[in-house]
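Chain by chain, the residues run as shown.
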Amino acid sequence: MSDEKISHGLGFLTGIHEAVARTTGLTGLLFSALIGAFAALAFAPFHISPALALAFVGLVWMLDGTRGRKRWGRAMFARGWAFGYGYFLISMYWTALPFLVEPERHAVFIWMPLIALPGGMALIWGAACAMAGAFWSSSPSRIFIFGVFFALAELVRGHLFGGFPWNLPGTTWIPGGAISQAASIGGVYWLTLLTVIVMAAPAALVDTRKHGKLLFRAIPSVIAVTLLAFGFTWGSQRLTNEPIMTERSVILMDAGVPQAEKFQQYRTTLARYSQFLRDVPSETGDILIWPEGALPSYLLQDTTALDQISGFLGPRTLITGTPRSDGTGDRQLYYNSLAVFQIDTANANLVALYDKHRLVPFGELPATEIIPFGERISGILPDAIQRIARDGFVPGAGMSVLYPERVPAFIPLICYEGLFPELTRQAEPRVENAEWIVVISNDAWFGAGLGPAQHYAQNRYRSIETGLPMARVATRGISAVVDAFGREVARGAPVADDPAGWRSSVVRSALPAKTERPPYARFGSIFFWITMTVCIILAFATWRR
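Remember, predicted model here, so these are calculated numbers, not experimental data.

About the cut-offs
Residues numbered from 1 in each chain as written. Predicted model: local features only at pLDDT ≥ 70, side-chain atom pairs only at ≥ 80, totals over all residues. Heavy atoms only, no water. Disulfide = S-S within 2.5 Å. Buried < 20%, exposed > 50% of the residue type's maximum accessible area, 1.4 Å probe, protein only. Helix = DSSP H or I, 4+ residues; strand = E, 2+ residues; numbered from the N terminus. Contact = heavy atoms within 4.5 Å. Salt bridge = Lys/Arg side-chain N within 4 Å of Asp/Glu carboxyl O. Polar contact = N/O pair within 3.5 Å; in protein donor to acceptor, adjacent residues only side chain to side chain. Core = buried A, V, L, I, M, F, W, Y, C linked by side-chain atoms within 4.5 Å. Expected span 1.5 Å × (residues − 1). Axes fitted to C-alpha atoms, helices over the stretch in contact; angles between N-to-C directions. Parallel < 35°, antiparallel > 145°, perpendicular 65-115°, else oblique. Left-handed = near helix turned anticlockwise from the far one by under 90°. Nonpolar A, V, L, I, M, F, W, Y, C, P; charged D, E, K, R; others polar. Pairing = 2+ DSSP bridges. 1 Å grid on protein atoms, 1.4 Å probe; cavity = no way out; pocket = protein on both sides within 12 Å on 5 of 7 lines; lining within 4 Å. Points joined across faces, edges and corners; volume = space filled by probe spheres on them.

**Q** Describe in detail the state of the cysteines, supporting the description with residues and values.
**A** By definition, a disulfide links two cysteine residues through a covalent bond between their sulfur atoms. Counted under the stated rule, the structure contains zero disulfides. The thiol sulfur of C535 is not disulfide-bonded, and the nearest other cysteine sulfur, from C129, lies at 16 Å. What makes C535 buried here is its relative accessible area of 5%.

Set out below in C-alpha cells:
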C-alpha cells in the first residue's frame, strides 16, 4: 500500500488535528485545561494509561497550532499553563481537604490548594512549552523536543522550593507491574522521560505539512512501540520469581482515628494502640509499626503513653512516628520524628531516632525558609498569614540508615519524603547495608479518595528503585508490606470494635528479602541524562522546518 493511500486512511486523525490546532482564545484554554484534567485518570487508583496518551497528543496538537502565530511564545505558554492547571487541580483536589478539617480556622485559605498550588506548578509546564516552541517544527522532532523539555520541567517541579514531585507521568504505570520495573534502571524521572515520549508519539502521525512521508512521521511511534515491547518483556521476566520472605515478621497497626477528632481523642487513641499491643497475636522479635504522629502528644515526654508501651511491648520492637520538641524557653525546636523503642529492664527504651529531613513546603517547612528574604516579607503580612509563614518543624540533619539492635537496618521515610527517589540513595551510613524501607504517614488529612491511593502507589516506586522491601503504615490510608519489586504482599485488614467513624487496621506479614542493588541505586540519574542526550540527537536528526 502506497504512502498516499495510507495517509488518506489517516484523514480522520488529520481532521481532528486541524480542529484541535485551530482552537484559539478562551476555547483553546478551556480545551487545554479539560484534556489536562482528563489525564488524572492515568494515575492511582485508576491507572488508565491511555488517558495520558490522549492528553499529551492533544497538547502537542494544540502547540502545533499556536507555534505558527505571531506571538507564539505567549500562546504556547498559555496552552501549557492551562493544561497543567487542569491536570494539577483535578489530580490533586484532595490537597484542599486538610483546610476543611477545621473549617472555622482554615477554610479562608482554601484558595491556596485550589488556585495557588495548581496555578503555580502549571507555570513550570507553561514555561516548558514556551521554551520547546523555540525548537518546534511540524516534523517528528517535536515529540523528542516535547519530551526533553517536559522531563526537565518535572525535574524542576521535583526540586524547586523543596519540591513536590506528585504524580510524575512515570508513575502512571501500576507499581509492581512489568513496565514499572524500568524505574530500577534509571529511576522515576527516567521513566517519566520515556513515558512522555511514548504517550506523545502518536501525535507525530499527522502534522501541518501538506507533504511528508508517513514512514518518517511514524518514527516516534515505532520507537514508542519498541520501548513498550521491550519494557513489558523485560519487566515480566524480572517478575517471574515469587517474593522471597525472610523469617522476620512485621505487624502494621493503625488506629484509624479521623483527623478532626485526633486531638480530642487522646485517651481513646492511646487505649486503641494499647489494645493492639496487648491483643494482636505476635511473637518474640516481631517488629510493630505505628503511623506518623500515631498519638496526639509528644511521645518522648508522654509518661502515660510510655508506661502503656512498657507494660505491653514485651520482647518486641516498636517503630512509631511522633512530634518531639528540643530546647528550652524561647529556643524550643520542633521535629517530626520516627522513634524506635525496645524494652530494657521493664521500661520502653529509645534505641533509635530519625528526624524528618525533607519537610513539606508551606506546610511543615516555614515559608520563611523557602522564599528569599522571607523573614522580611512576612513582616508586612497579616498576623494569620505570618503564623503560617513562620511556624513549622525544623529539618533533621539528613537522611539516615538506622541500625537498632535486633532489627534489620532500615531507611526511614516520613510521609512526604516517600516521593523523592534521591533520598533513599543519600541515606548514611552505608546505605548499601539497608535491608528494608519503613514509611510512616498520616493520610487522614486527605479523605478516602485519590490522595491516599496516589501516595501509596508512588511510595511503592521507592522499593523498585532500591531493591528493598517496604513496610508502610498510614493513618486512614493504605498500610501494606511491599516486596523489592514493588509488589504488594500484604495489606492492612479492618479490625472489629472500632469507635464510631474510625477505620482501624492491622496486618501481620513476613518481611520480604531485598534483591541485589539495581542500577538506579548504584548509579543514580546517569541513564536519565544519557537518554536526554539521545533525545536531543533524535530531535536534530528528524528536524524539518
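**Q** Give a detailed account of the environment of L359, specifying residues and quantitative values.
**A** Note that L359 resides in the loop between strand 5 (347-355) and helix 14 (374-378). Other than its neighbours up to four places away in sequence, L359 contacts E364, L365, F393, V394, P395 and Y416.

**Q** Please set out the environment of Q275 residue by residue, giving values where relevant.
**A** Mapped onto the secondary structure, Q275 falls in helix 12 (residues 266-279). In this structure Q275 comes out as partly exposed when scored by relative accessible area, which is 26%. Measuring from C-alpha to C-alpha, the distance between Q275 and V394 comes to 33 Å, with 119 residues separating the pair along the chain.

**Q** Go over the pattern of salt bridges with me, naming the residues and quoting the values.
**A** For the structure shown, the criterion picks out 15 salt bridges. The partner of D498 in a salt bridge is R272, and the shortest N-O contact between them spans 2.7 Å. Placement of D498 in the loop between strand 11 (493-494) and strand 12 (505-512) and of R272 in helix 12 is noted, with a sequence separation of 226 residues between them. For E488, the salt bridge is made with R491, and the minimal N-O distance between the two is 3.0 Å. A residue is classified by how much of its surface remains accessible, and E488, at 32% relative accessible area, is partly exposed. Salt bridges here are not isolated pairs; linked through shared partners, they connect E283, D286 and R508.

**Q** Now, about the pairing of strand 6 (residues 410-414): what can you tell me, with residues and values included?
**A** Judged by how many residues are buried, strand 6 sits mostly within the fold: five of five residues are covered. Every second residue of strand 6 is oriented toward a common face, with F410, P412 and I414 on one face and I411 and L413 on the other, all of them buried.

**Q** Outline the side chain of R358, supporting the account with residue identities and numerical values.
**A** Of note, R358 is situated in the loop between strand 5 and helix 14. With relative accessibility at 17%, the residue R358 sits in the buried group. A polar contact is formed between the side chain of R358 and the backbone oxygen of G162, at a distance of 3.5 Å. Leave out the neighbours within four places in its chain, and R358 touches G162, Y416, E417, F420, E422 and L423.

**Q** Lay out the nonpolar core in plain terms, naming residues and giving numbers.
**A** Core analysis: the biggest nonpolar cluster contains 110 residues, and F146, I289, L338, I411 and W436 have the highest contact counts within it. For this core, the element with the highest residue contribution is helix 9 (residues 183-200), accounting for twelve residues. L338 has contacts with I319, T320, G321, A352, L353, Y354, L402, F410, P412, I414, V438 and I440, leaving out every residue within four places of it along the chain.

**Q** How would you sum up helix 3 (residues 25-38)? Please name residues and give values.
**A** Its 14 residues give helix 3 an end-to-end C-alpha distance of 20 Å, which sits within 8% of 20 Å, the value for a rise of 1.5 Å per residue. Turning to helix 3, its buried residues are G28, S32, I35, G36 and A37. Turning to helix 3, the residues buried within the fold contact helix 4 (49-67) and helix 5 (72-91).

**Q** Describe the packing of helix 8 (residues 141-157) against helix 19 (residues 526-541), listing the residues and the values that go with them.
**A** Contact geometry for helix 8 and helix 19: axes closest at 8 Å, N-to-C directions at 150°. Here helix 8 is positioned roughly antiparallel relative to helix 19, judged by the angle of their axes. Along this stretch, helix 8 crosses helix 19, giving a crossing that reads as left-handed. Residues S141, F144, I145, V148, A151, L152 and L155 of helix 8 form the contact with helix 19, whose participating residues are F528, W529, M532, C535, I536, L538 and A539. In terms of residue class, the contact of helix 8 with helix 19 is made up of 13 nonpolar, one polar and no charged.

**Q** Can you tell me about the sheet that holds strand 1 (residues 245-254), naming the residues and giving the values?
**A** Taken in spatial order, the seven strands of this open sheet run 5-4-3-2-1-12-11, and their pairing is mixed. Sheet topology places strand 5 and strand 11 at the edges, where each strand pairs with a single neighbour. Two strands pair when backbone bridges link them, and strand 1 and strand 2 (residues 287-289) are joined in this way by three bridges, in the parallel orientation. Residue pairing in the sheet places V250 in a bridge with I287 of strand 2.

**Q** Lay out the sheet that holds strand 10 (residues 488-491) in plain terms, naming residues and giving numbers.
**A** Strand order in the open sheet formed by five strands is 6-7-8-9-10, with mixed pairing between adjacent strands. The open sheet is flanked by strand 6 and strand 10, the only strands paired with a single partner. This sheet shows a mean twist of 15° between the axes of neighbouring strands, independent of strand direction. Summarising the sheet, strand 6 and strand 7 (residues 436-442) pair through five bridges and their orientation is parallel. By the bridge assignment, I414 is partnered in strand 7 with I440. Packing of helix 17 (residues 450-466) onto the sheet brings it into contact with strand 6, strand 7, strand 8 (470-475), strand 9 (480-482) and strand 10, and relative to strand 8 it is tilted by some 165°.

**Q** Please give an account of empty space enclosed by the protein that cites residues and values.
**A** Scanning all chains against the criterion turns up three cavities of 30 Å³ or more. Taken as a whole, the largest cavity encloses approximately 100 Å³ of empty space. What lines the largest cavity is simply I411, T424, R425, V431, E432, A434, T466, L468, K514, T515, R517 and A521. Taken together, the residues of the lining of the largest cavity sort by class into five nonpolar, three polar and four charged.

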